[in-house]
Amino acid sequence: MDSLTLDFQYTVAIIIPNWNGKNFLAEMLDSILVQTFTDFKVFVVDDGSTDGSIDILREYVCKDKRINYTVRNREPKGAQTCRNMGYGLSKGAKYVLFFDNDDLVAPHCLEQRVHFMELHSELDFGIFPAINFRKQPYDFTTMVWGCRYLDDSLKAIFDWTLPMVGWTNIYKRLSYERKELQWDEQLRSMQDSDFNIQAILKGCKFEYADDAKPDYFYRDAEESVSSKLYSKEHADSHVHLIKKILESLNDVQQMKYSKDLMCYFIKFVEIMITHKEQVKKLINTSWIYSHRWFYVRLKLWQLLGCKGKILYCLFSKEFDLFNQKQTAWREFGSEKVHSLLK
């Protein structure tokens, strides 16, 4: 980690991982260059693109000295490694933002976020509303992220909802350093959830900018990482995530969130249902074993052949509760979108 310093050289560092983002990268960079707040630097970390992205980056580096790029020079491959590398390049910044290469930002994004953080100097990070789109902002707006959903944001994440994502937040770099935050390079998915869970558990002070205007536009792509959640590679990642969460929670927290964790856990079991070895690793964790009835049902499910219908039957209450939470989350998002766009 860098030595702690208050000697800020500029205000905002924007970190963007890029892999084969040729189709949308220029749009994202253009949306950054028209920001009303201009004291920023952009650090694009390329993940080994083969589509000509580097040519685009070279053009923008020549166009504006605030844009920088580098190529990932270590393993493992992935956006999380690129984000950690980008953070290492952001020395001298007061605040840090993590954007994706295929999304867009509103012209007021940086101004709104910096102003909020300057007014709330006690915060480690602030959270701002983001909405989805297809080809251009507001053409397909059905969901919102970065808004206060439940008073307990940790519970909200365990409920498989997204009250905050990496790109909805602005982080005070000094706090980021003091709390030793880092993107987990072992994860293939659920990276944003893990990052924010760890930030909360490490005691970061945060607040939702309730009166803010949407300032980030998430592109609804036809294919996303969610379609890969069912692969063996991602199953290994899920095991790592669950174990990490359980190890990060103290006894009081494990008891407080036990019902939420059961729903969270059983959803992962459903996703990993064809990967028996990975499921076995999850079932044999001490937390599962300590919840005897939950553990017994899982072992019975294994003995009966790990069939989907049997899983739904044995854990019908957990799946019903999970579905109720998802319905409530979608309804919240739909209502919030309408209020934000009035």
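Residues numbered from 1 in each chain as written. Predicted model: local features only at pLDDT ≥ 70, side-chain atom pairs only at ≥ 80, totals over all residues. Heavy atoms only, no water.

This part covers the packing of helix α1 (residues 25-33) against helix α2 (residues 53-63). Where α1 contacts α2, the axes come no closer than 10 Å and their chain directions differ by 20°. Classified by the angle between their axes, α1 and α2 sit roughly parallel to one another. Note that α1 runs across α2; the crossing there is right-handed. Between α1, through Leu25, Ala26, Leu29, Asp30 and Leu33, and α2, the contact on the second element is made entirely by Ser53, Ile56, Leu57, Tyr60 and Lys63. Taken together, the residues that form the contact of α1 with α2 break down as seven nonpolar, one polar and two charged. (Axes fitted to C-alpha atoms, helices over the stretch in contact; angles between N-to-C directions. Helix = DSSP H or I, 4+ residues; strand = E, 2+ residues; numbered from the N terminus. Parallel < 35°, antiparallel > 145°, perpendicular 65-115°, else oblique. Left-handed = near helix turned anticlockwise from the far one by under 90°. Contact = heavy atoms within 4.5 Å. Nonpolar A, V, L, I, M, F, W, Y, C, P; charged D, E, K, R; others polar.)

Our focus in this paragraph is the pairing of strand β11 (residues 216-219). Every regular strand shows the same layout, with side chains that alternate between the two sheet faces. For strand β5 (residues 104-105) and β11, the ladder comprises two bridges, and the chain directions are antiparallel. Looking at β11, one finds that Val105 is bridged to Tyr216. Of the strand pairs in this sheet, strand β7 (residues 130-133) and β11 are connected by four bridges, and their pairing is parallel. Across the sheet, the residue bridging to Ile131 is Phe217, located in β11. (Pairing = 2+ DSSP bridges.)

Attention now goes to the sheet that holds β7. Within a sheet, adjacent strands bond to each other through the backbone by hydrogen bonds, running parallel or antiparallel. What the four strands build is an open sheet, ordered β5-β11-β7-β8; its pairing is mixed. Edge strands, defined here as strands with exactly one partner in the open sheet, are β5 and β8 (144-145). Of the strand pairs in this sheet, β7 and β8 are connected by two bridges, and their pairing is antiparallel. Looking across to β8, one finds that Ala130 is bridged to Trp145.

The next thing to look at is the pairing of strand β3 (residues 67-71). Where strand β2 (residues 40-46) meets β3, five bridges bridge the pair, whose relative direction is parallel. From the neighbouring strand, Val45 faces β3, where its bridge partner is Thr70.

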